[in-house]
Structures are given as C-alpha cells and as structure tokens.
Amino acid sequence: MTKPTSIARLNSRALIAVSGEDWRTFLQGLITQDVESLAPSELRFGALLTPQGRLMYDMFLVGRPDGAWLDVEAAGREALILRLSMYRLRAKVKIEVDEAPIFAAFGDDPGAGWLPDPRLAALGWRGYGVEAAANADEAAYDAQRLALGVPGPADWAGETTYPIEANFDLLNGIDFKKGCFVGQETTSRMKRRGQIKSRMLPLAFEGGAPASGAEVLNGELRAGEVLSGAQGRAMALVRLDRIGGELTADGRKVRAETPAWFAL
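Fair warning: this is a prediction, and the values are worked out from it, not measured in the lab.

1. Considering helix H2 (residues 77–88)
Its 12 residues place the ends of H2 16 Å apart at the C-alpha level, agreeing with the 16 Å of an ideal helix rising 1.5 Å per residue. Among the residues making up H2, those that are buried are Arg77, Leu80, Ile81 and Leu84. The buried residues of H2 all sit within an arc of 100 degrees when viewed along its axis, so they share a single face. Positive backbone phi, at 50 degrees, marks Leu89, one or two positions downstream of H2.

Below, the structure is given as structure tokens:
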C-alpha cells in the first residue's frame, strides 16, 4: 500500500540556469555526470569535484530545451557560479541565477510534470516549475531520505570526502563511461581498484543523534565518524571492515545498517 503524496518545498536548494551554444561541452568536461545525452525534462544526479577528486558541490541536472538547470545547495550557489565562471574561459555559455522554486514529493505518484529522483526510486520525485502546494516541510523530506540511508550535503561538507565514500557511484551520481571530468583520475582509480575502505552508512540508536564528529568505536578501535543525524538515526562515514560487532558513539550503543540499495 502506498502512502499519500507528501510535497515539500526545498528551501535549502536553488537553481542555476546554464545555456548558450557551448553549454553541453562546457559542463561535460567538468562534472561527474554525462551531459551530452541529457534530454529535456530528464533529471540526473552528479557533482563537481576538486582536481584532487574530493566533493565540492552536489547537483541535479534538469534538461531544458535551451540548456539545463542545476539544482544545487542554496548556501553554495553564488560560490558555484563563481567557480563555473572561472572554468568558462571563451566558451559561449550563460550562467545565471534562476529563482524558480524546487519541490520534492514522496509517497504516491504526484502526476505529470514531476521528475523521478535519479538516485533511488524510493526517494520519490523532484518538481521544477510545477504548480504545487506544500503539505510537508523539508525536515519531513530529510527524514525520508535518512530513513532510506541516503547521505546528503551536510555529510560531505568541507571538501574532505571522495564521492565514492558518499556512495555517488551506487546512487547514479558518476558516469564512469563519459570520459574526462574534474577529479576523474582519482575517482576512476578508486573504483577500478575496488579498495574502498570507508563509506557512508546509516546508524540506528535510541534517543537523539550523537554529536557531529563523534567517533564510532568498535571496542577500542576507531570505526568511523558521525556526520548528520536526527532522532534515532544518523549518517556516519565508517570503515567497512569494522562495522561488525558492538559499536558505540558518545558512549552509547549504535548499529550500522546496510540499506537494501547498498550493493558492492
């Protein structure tokens, strides 16, 4: 049985409009997702990395007839525009702020005009330029995401995380066949060698979330670090070889869970 449709306006997200004669080739050489084959009204997930291959900005790419929208963190939009402008050089590209609202829907199918979340079907849909009346807040959407064990921007702040550690490869956020992008060499090497020691997984526990940055311990061994969280559940970057047995964080028992979509 499906749940009634919940619709939340995502005030933490904002849009950048990218257009112009060279918009596809411009983005294609920068981000982790394929842009050349992006069709109008198609939604894809990707990121812009540092040259060393660490996460800078996550983004959803929304295909449009004359270019694309980039759905990005609102707090980082201006900085991302500056970063993209730095890469533009002589490319015939327009990079502009767009104030259209961004919505997320989960539960029953909300109908025409909504685009399926490319990361995971259970995350629902995203709406751009749709007429929508919110009946839930962003916290409800984040709770849904956290319940599914999907990390979010709060979990990779600070340019310290590799996209594979944040499961971008498992959530359709990296196209390994597209060719070059910024940070591609490190990302491809990590995937090819298959020696990924740490990944983000959800933790389950009683009560409020341990403090961000709290150590996850397996006995006396460091097993990871708590990232963002809420009542009863948090994301953590954990060592995959140390999540068996009894884990603690902030002196409390916690349990690392493996979501159904998590497959190596």
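2. With respect to the nonpolar core
Considering soluble globular proteins, one finds that nonpolar side chains tend to be buried as a cluster. Tyr128, Phe168, Leu203 and Val216 are the most contacted members of the largest nonpolar core, which has 50 residues in total. Setting aside anything within four residues of it in sequence, one finds Leu203 in contact with Val216, Val226, Gly232, Arg233, Ala234, Ala236, Val254, Arg255 and Ala256. Counting residues in each nonpolar core, the second largest holds 23 residues, with Trp23, Leu48, Ala68 and Val182 among its members.

3. Examining the sheet that holds strand E12 (residues 221–230)
In space, the 6 strands of this closed barrel follow the order E10-E13-E12-E11-E14-E15, with antiparallel pairing throughout. Here the average twist between neighbouring strands, direction ignored, is 40 degrees. Bridge count for strand E10 (residues 198–204) against strand E13 (residues 233–239) is 7 bridges, and the pairing is antiparallel. Each residue of the ladder has a partner; that of Leu203, found in E13, is Ala234. Across the sheet, helix H3 (residues 138–147) touches E12 and E13, and the angle it forms with E13 is around 40 degrees.

4. With respect to the layout of surface pockets
Estimates place the volume of the largest pocket at around 240 Å³. Lining the largest pocket we find 17 residues, and of these Ser12, Arg13, Asp142, Arg145 and Pro153 sit closest to its centre. Looking at the lining of the largest pocket, the elements with two or more residues in it are strand E4 (55–64) and H3. Top contributing element to the lining of the largest pocket by residue count: H3, with 4 residues. Of the residues assigned to the lining of the largest pocket, the class counts are 7 nonpolar, 2 polar and 8 charged.

5. Here we look at the packing of aromatic side chains
All chains considered together, the criterion is met by 6 aromatic pairs. An angle of 50 degrees between the planes, with centres 6.2 Å apart, marks the rings of Phe106 and Tyr141 as tilted. One end of the pair, Phe106, is in strand E7 (residues 102–106); the other, Tyr141, is in helix H3, with 35 residues separating them in the sequence. Assigned by exposure class, Phe106 and Tyr141 land together as buried.

6. What to know about the environment of Glu206
Mapping Glu206 onto the fold places it in the loop between E10 and strand E11 (215–218). Along the backbone, Glu206 and Arg233 are 27 residues apart, and their C-alpha atoms lie at a distance of 8.3 Å.

7. A few points about the pairing of E4
The element E4 is extensively covered by neighbouring structure, given that 9 of its 10 residues are classed as buried. Here strand E3 (residues 43–49) runs beside E4; their pairing, made up of 7 bridges, is antiparallel. Within E4, the position partnered with Leu43 by the bridge is Val62. Between the end of E3 and the start of E4, which pair antiparallel, lie 5 residues, with Gly53 showing a positive phi angle near 90 degrees. Relative to strand E5 (residues 67–73), E4 is paired through 5 bridges, and the arrangement is antiparallel. If you follow Leu61 over to E5, its bridge partner there is Leu70.

8. Brief notes about the side chain of Thr32
For Thr32, the position within the fold is in the loop between helix H1 (23–28) and E3. Looking at Thr32, the relative accessible area reads 1%, which means it is buried. A polar side-chain atom of Thr32 sits 2.7 Å from the main-chain carbonyl oxygen of Gly173. With near-sequence residues (within four places) excluded, Thr32 lies in contact with Gly46, Ala47, Leu49, Gly173, Ile174, Asp175, Lys178 and Phe181.

Thresholds, definitions, all that
Residues numbered from 1 in each chain as written. Predicted model: local features only at pLDDT ≥ 70, side-chain atom pairs only at ≥ 80, totals over all residues. Heavy atoms only, no water. Helix = DSSP H or I, 4+ residues; strand = E, 2+ residues; numbered from the N terminus. Expected span 1.5 Å × (residues − 1). Buried < 20%, exposed > 50% of the residue type's maximum accessible area, 1.4 Å probe, protein only. Arc of directions from axis to C-beta. Core = buried A, V, L, I, M, F, W, Y, C linked by side-chain atoms within 4.5 Å. Contact = heavy atoms within 4.5 Å. Pairing = 2+ DSSP bridges. Axes fitted to C-alpha atoms, helices over the stretch in contact; angles between N-to-C directions. 1 Å grid on protein atoms, 1.4 Å probe; cavity = no way out; pocket = protein on both sides within 12 Å on 5 of 7 lines; lining within 4 Å. Points joined across faces, edges and corners; volume = space filled by probe spheres on them. Nonpolar A, V, L, I, M, F, W, Y, C, P; charged D, E, K, R; others polar. Phe/Tyr/Trp six-rings, centres within 6.5 Å; stacked < 30°, edge-to-face > 60°. Polar contact = N/O pair within 3.5 Å; in protein donor to acceptor, adjacent residues only side chain to side chain.

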